[in-house]
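# Overview (structure and organization)
Read off the chains here:
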Amino acid sequence: MRHTEFWRRMEEALGSSYARVWASQQVLPELGGRTVAEALAAGEPAKQVWRAVWAALELPPGER
């Protein structure tokens, strides 16, 4: 998954104005206690980060 696809999914799930705010503030245990933005900046694969976001937001299986 490319970062553009990741951010598109984030905006669909949270809205365009809130997605990046949430990503910079929400710490997820699945990402080693980092925020989404920190995990991406550290080089974690976008697909792996998306799976953690998907689980945290309890999104439907079809959005995985």
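These numbers come from a predicted model, not from an experiment.

### Points about the packing of aromatic side chains
As enumerated under the stated definition, the model contains 2 aromatic pairs in all. Ring centres of Phe6 and Trp7 lie 5.1 Å apart, and the angle between their planes is 85°; on these two criteria the pair is classed as edge-to-face. A single burial state applies to Phe6 and to Trp7, both of which are buried. With a centroid separation of 6.1 Å and 85° between ring planes, the pair formed by Phe6 and Trp50 is classed as edge-to-face. Pair noted here: Phe6 is in helix α1 (residues 3-14) and Trp50 is in helix α4 (residues 46-57), with a separation of 44 residues, a long-range link. Trp50 gets classed as buried once you look at its relative accessible area, which sits at 1%. In textbook terms, an aromatic cluster arises when at least three aromatic residues are bridged by ring pairs, as seen for Phe6, Trp7 and Trp50. When the ring centre of Trp7 is taken as origin, the NZ or CZ atom of Arg20, which lies over that ring, is 4.0 Å away.

### Describing the nonpolar core
If you look at the biggest cluster of nonpolar residues, it comprises 18 residues, and the most contacted ones within it are Phe6, Met10, Val36, Val49 and Val53. Broken down by secondary-structure element, the contributors of at least two residues to this core are α1, α2 (19-25), α3 (36-41) and α4. Apart from residues no more than four positions distant in its own chain, Val36 is found in contact with Phe6, Trp22, Ala23, Gln26, Leu28, Leu31, Val49 and Val53.

Rules used in this analysis
Residues numbered from 1 in each chain as written. Predicted model: local features only at pLDDT ≥ 70, side-chain atom pairs only at ≥ 80, totals over all residues. Heavy atoms only, no water. Phe/Tyr/Trp six-rings, centres within 6.5 Å; stacked < 30°, edge-to-face > 60°. Buried < 20%, exposed > 50% of the residue type's maximum accessible area, 1.4 Å probe, protein only. Helix = DSSP H or I, 4+ residues; strand = E, 2+ residues; numbered from the N terminus. Lys NZ or Arg CZ within 6 Å of the ring centre and 35° of its normal. Core = buried A, V, L, I, M, F, W, Y, C linked by side-chain atoms within 4.5 Å. Contact = heavy atoms within 4.5 Å.

In short, shape yes, function no, at least from these values alone.
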